[in-house]
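Residues per chain, in single letters:
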Amino acid sequence: MVFARQLRGGDDGELDSDLFTVPADGGTVTRLTRDHRSMRPEWGARGIAYERIAPLTSRTGHPAVNLVQPGGTGMRLLARSPHSVPIEGFWPIAWSRDGTRLVLNDDGDSTEGWAVNLTTGRARDLTGRRDDVSADGISADGRTVLVEGGRGGLSTMPFAGGRQTSLGVHWFMAGWSWSGGP
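Residues numbered from 1 in each chain as written. Predicted model: local features only at pLDDT ≥ 70, side-chain atom pairs only at ≥ 80, totals over all residues. Heavy atoms only, no water.

### Some points on the overall build of the protein chain
Move 1: Within the protein chain, the regular secondary structure consists of 0 helices and 15 strands.
Move 2: Taken over 182 residues, the protein chain has a buried fraction of 47%.
Move 3: Pairs at least 24 apart in sequence give 36% of the contacts found in the protein chain among residues at least 6 apart.
Move 4: When the accessible surface of the protein chain is totalled, it reaches about 9400 Å², and 50% of it is carbon and sulfur. (Helix = DSSP H or I, 4+ residues; strand = E, 2+ residues; numbered from the N terminus. Buried < 20%, exposed > 50% of the residue type's maximum accessible area, 1.4 Å probe, protein only. Contact = heavy atoms within 4.5 Å. Areas by Shrake-Rupley, 256 points an atom, 1.4 Å probe, with all protein chains shown as cover.)

Shown next, in the form of structure tokens:
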């Protein structure tokens, strides 16, 4: 299990959180990060993707999604938000089963879903425009993304981009579990 833990409180707006792992049945807790700006972890086949917020005092810092291995090694940048608002995040939502694709959300001016191809290292807005369409999940094979918002309600769309297929106009906040499904 991976989790974020706030290390100290305060009303200065700083989150002061780092990531830790612990076996699901209990045991030794392992600290993964020490930057006090790590949160919202999502474990996948290639490691743990997580949000790394920019320092609150930064005027040019961009929130990012980083990757770290379960033992705390191999830390690297996966994608950087185009927004320079430190506290507004760029966070992982779901991995494809093989770990080659990841969907993120960015809550800059509006929440936008993003796709990251880990093979190429390319990150892009799922729809290519600011339209408040966010990612809710990804299929096991990584070809289809579950999205919500905009005028489509709940929809699916190709990971590579393209037309949305509406599932329900007034549907929202969906989850997609593919452990035995698509």
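On we go.
### Thoughts on the pattern of salt bridges
Move 1: A complete count under the given rule lists 5 salt bridges for this structure.
Move 2: Across the pair Arg40 and Glu51 runs a salt bridge whose closest N-O atoms are separated by 3.5 Å. Of this pair, Arg40 sits in strand E4 (residues 38-44) while Glu51 is found in strand E5 (residues 47-52), placing the two residues 11 residues apart along the sequence.
Move 3: Judged by its relative accessible area of 34%, Arg40 is partly exposed. (Salt bridge = Lys/Arg side-chain N within 4 Å of Asp/Glu carboxyl O.)

### Observations concerning the nonpolar core
As a rule of thumb, nonpolar side chains are buried together in soluble globular proteins.
Move 1: Core analysis: the biggest nonpolar cluster contains 13 residues, and Val103, Leu126, Ile138, Val145, Val147 and Phe159 have the highest contact counts within it.
Move 2: Elements represented by at least two residues in this core include exactly strand E8 (90-95), strand E12 (133-138) and strand E13 (144-149).
Move 3: Val145 has contacts with Val103, Leu126, Ala135, Gly137, Ile138, Ser155, Thr156, Met157, Phe159 and Trp176, leaving out every residue within four places of it along the chain. (Core = buried A, V, L, I, M, F, W, Y, C linked by side-chain atoms within 4.5 Å.)

### A few points about the environment of Leu104
Move 1: In this structure, Leu104 sits in strand E9 (residues 101-107).
Move 2: Sequence separation between Leu104 and Ala135 is 31 residues; the distance between their C-alpha atoms is 6.6 Å.
Move 3: With residues up to four places along the chain from it excluded, the contact list for Leu104 reads Val65, Ala79, Phe90, Trp91, Pro92, Ile93, Glu112, Gly113, Trp114, Val116 and Ala135.

### Details of the sheet that holds strand E14 (residues 154-158)
Move 1: Judged by pairing direction, the sheet is antiparallel, and its 4 strands sit side by side in the order E12-E13-E14-E15 without closing on themselves. Of all strands in the sheet, those bounded by a partner on one side alone are E12 and strand E15 (165-168). Neighbour-to-neighbour, the strand axes of this sheet turn through a mean angle of 35 degrees, independent of strand direction.
Move 2: With 3 bridges joining them, E14 and E15 adopt antiparallel strand pairing. Pairing of Leu154 across the sheet is with Gly168, part of E15. (Pairing = 2+ DSSP bridges. Axes fitted to C-alpha atoms, helices over the stretch in contact; angles between N-to-C directions.)

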